[in-house]
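One letter stands for each residue in the lines below.
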Amino acid sequence: MRSNDAIHLGLMLLALAAAYLVPFELLLLAYVVLGPAHYFTEISWLHDRSYYLPHRGIAAGLAIVAVVAALIDNASWFGFAMWGALIVCAMLAATNSAIESMLLFMAAIVLSAIMYSSGSSLAVIGILIPTLIHVSLFTLIFMVLGAYRSGSRVQAALVVIYLAALATILLLPPAAEIRIASFARVGQDYFGNVGPALGRLFGMPGLVLDTRLTSLLAFVYTYHYLNWFIKADVIRWTAVSKARLAAMAAASAAATALYFYDYAFGFTFLLALSLIHILLEFPLNALALRQLGAAVQDAVRTRYASPVTASATQPRAAGTKGPKRPSRPR
């Protein structure tokens, strides 16, 4: 096992242990302390790669949409903004032709109509995209792609361990007590809508932000941030000038300090900053989904093509006779 993989495993297990011991406190501290550092460093990394968009100016539009969305009180309109931004980014970054873009747009229109007709679906998607979908599902997709491209069994094992950690929290939830009551109250204020959204999605009314769900959120958020930081040698997000690194560190510390100075205003600022980084990452997310689909297709094609190829190229046993040629007509 490489040292980086060992660190990766250690941080994953550390996040899992902390999620069991102090889930309420971990969720808020991870979001407030680790979050800003992740947002600023990833935006910097995406900027150097033109945000995986055909024109860098489109990113400014996405940032404006994110700020406006952070101020929207209506859950359905917020969900529409998130869903619409994701589809537009997918059309720009993950399609290779006008036909593919048109097909994706038509599919999005159909899905949007279905969600609109069901009433609360847009609100549900608006809650889950910037939370569980972003920090858990897309993290899993990048882990799977990394393991597939590297062909590393250790990285594949890390994917399995991550899924096992999620299952463990859901099946064997912690019985941790709240140690800092104010953290739990604030977590309920800002993450309390995740439970009802999941309940509506899976038909489980009455689902709330209890210890199980809080522990799950604490783990996926903490690991999402840590997973980004430990990939510095792989994707080289630290390969910038010292001045930019210092500016990002100062901005991250200021964002965290702002929250502890005035948590209501600080959380609004962090929400806007979080949404900016989420929307700017949408093109990369869409591209990763396409690449994952291509990888699955290649794996399936290889799996079912190999036996046929082996059968066709297998040498005929000695002494066997091939099929007789038809006699020439006379």
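Details of the structure are given in the entry above.
Reading guide: rules and limits
Residues numbered from 1 in each chain as written. Predicted model: local features only at pLDDT ≥ 70, side-chain atom pairs only at ≥ 80, totals over all residues. Heavy atoms only, no water. Helix = DSSP H or I, 4+ residues; strand = E, 2+ residues; numbered from the N terminus. Buried < 20%, exposed > 50% of the residue type's maximum accessible area, 1.4 Å probe, protein only. Contact = heavy atoms within 4.5 Å. Areas by Shrake-Rupley, 256 points an atom, 1.4 Å probe, with all protein chains shown as cover. Lys, Arg positive; Asp, Glu negative; His and termini not counted. Charge placed at Lys NZ, Arg CZ, Asp CG, Glu CD. Axes fitted to C-alpha atoms, helices over the stretch in contact; angles between N-to-C directions. Parallel < 35°, antiparallel > 145°, perpendicular 65-115°, else oblique. Left-handed = near helix turned anticlockwise from the far one by under 90°. Nonpolar A, V, L, I, M, F, W, Y, C, P; charged D, E, K, R; others polar. Salt bridge = Lys/Arg side-chain N within 4 Å of Asp/Glu carboxyl O. Core = buried A, V, L, I, M, F, W, Y, C linked by side-chain atoms within 4.5 Å. Phe/Tyr/Trp six-rings, centres within 6.5 Å; stacked < 30°, edge-to-face > 60°. Polar contact = N/O pair within 3.5 Å; in protein donor to acceptor, adjacent residues only side chain to side chain.

A. Seen up close, the overall build of the protein chain. What the protein chain contains, in helices and strands, is 13 helices and zero strands. C-alpha extents for the protein chain along the principal axes are approximately 100 × 50 × 45 Å. Split into buried and exposed, the 330 residues of the protein chain put 42% on the buried side. Sequence separation of 24 or more characterises 79% of the internal contacts of the protein chain that already satisfy a separation of 6 or more. Taken as a whole, the protein chain presents about 17900 Å² of accessible surface, with 67% of it coming from carbon and sulfur. With 22 positive and 13 negative side-chain charges, the protein chain shows a spacing of 26 Å between the two charge centroids.

B. Expanded view of the packing of helix α7 (residues 153-171) against helix α10 (residues 211-229). The contact between α7 and α10 brings their axes to 8 Å, and the two run at 160 degrees. As far as their axial angle goes, α10 and α7 are roughly antiparallel. Seen along the crossing, α7 lies across α10 with a hand that is right-handed. Of α10, the residues touching α7 (which contributes Tyr 162, Ala 165, Leu 166, Ile 169, Leu 170 and Leu 171) are Arg 212, Ser 215, Leu 216, Phe 219, Val 220 and Tyr 223. Residues that form the contact of α7 with α10 fall into these classes: 10 nonpolar, one polar and one charged.

C. Region of the structure containing the packing of helix α6 (residues 121-150) against helix α9 (residues 194-202). The geometry of α6 relative to α9 is characterised by a closest axis approach of 9 Å and an angle of 120 degrees between their N-to-C directions. The interaxial crossing formed by α6 with α9 has left-handed handedness. Between α6 and α9, the contacting residues are Val 124, Ile 127, Leu 128, Thr 131 and Leu 132 on the first element and Val 194, Ala 197, Leu 198, Arg 200 and Leu 201 on the second.

D. Fine view of unusual backbone geometry. Here the phi dihedral of Tyr 51 falls at roughly 60 degrees; this positive angle occurs in a residue that is not glycine. Within the secondary structure, Tyr 51 sits in the loop between α2 (23-47) and α3 (57-70). The backbone phi angle of Arg 236 is positive, close to 60 degrees, even though this residue is not glycine. Inspection of the secondary structure assignment puts Arg 236 in the loop between α11 (232-235) and α12 (242-261). For Arg 236, a relative accessible area of 53% corresponds to the exposed category.

E. Region of interest: the pattern of salt bridges. For the coordinates displayed, the defined rule picks out three salt bridges. Where Arg 290 meets Glu 100, a salt bridge forms, and the shortest distance between an N and an O atom there is 3.1 Å. Highlighted residues: Arg 290 in helix α13 (residues 263-313) and Glu 100 in helix α5 (residues 98-117), separated in sequence by 190 residues. With relative accessibility at 34%, the residue Arg 290 sits in the partly exposed group. Between Asp 298 and Arg 301 there is a salt bridge, with its nearest N and O atoms 2.9 Å apart. Taken as a pair, Asp 298 and Arg 301 lie in helix α13 at a separation of three residues, close to a single helical turn. Since its relative accessible area comes to 34%, Asp 298 is described here as partly exposed.

F. Spotlight on the nonpolar core. Core analysis: the biggest nonpolar cluster contains 84 residues, and Tyr 31, Tyr 162, Leu 217, Phe 219, Val 220 and Tyr 221 have the highest contact counts within it. Apart from the residues lying within four places of it in its own chain, the contact partners of Tyr 162 are Met 12, Val 135, Ser 136, Leu 140, Met 143, Phe 219, Val 220 and Tyr 223.

G. Fine view of the packing of aromatic side chains. This structure, assessed with the given rule, holds 18 aromatic pairs. Seen from their ring centres, Phe 191 and Phe 267 are 6.5 Å apart, and the 90 degrees between their planes marks the pair as edge-to-face. Of this pair, Phe 191 sits in helix α8 (residues 181-191) while Phe 267 sits in helix α13, and the two are 76 residues apart along the sequence. Each member of the pair, Phe 191 as well as Phe 267, is classed as buried. Each member of the aromatic cluster is reached from another via a ring pair, and the members are Tyr 31, Tyr 39, Tyr 190, Phe 191, Tyr 221, Tyr 225 and Phe 267.

H. Structural context of the side chain of Gln 155. In this structure, Gln 155 sits in helix α7. A polar atom in the side chain of Gln 155 sits 3.4 Å from the side chain of Ser 150. With sequence-adjacent residues up to four places away left out, Gln 155 is seen in contact with Arg 2, Asp 5, Gly 146, Ala 147 and Ser 150.

Any functional reading would require information that these geometric values do not contain.
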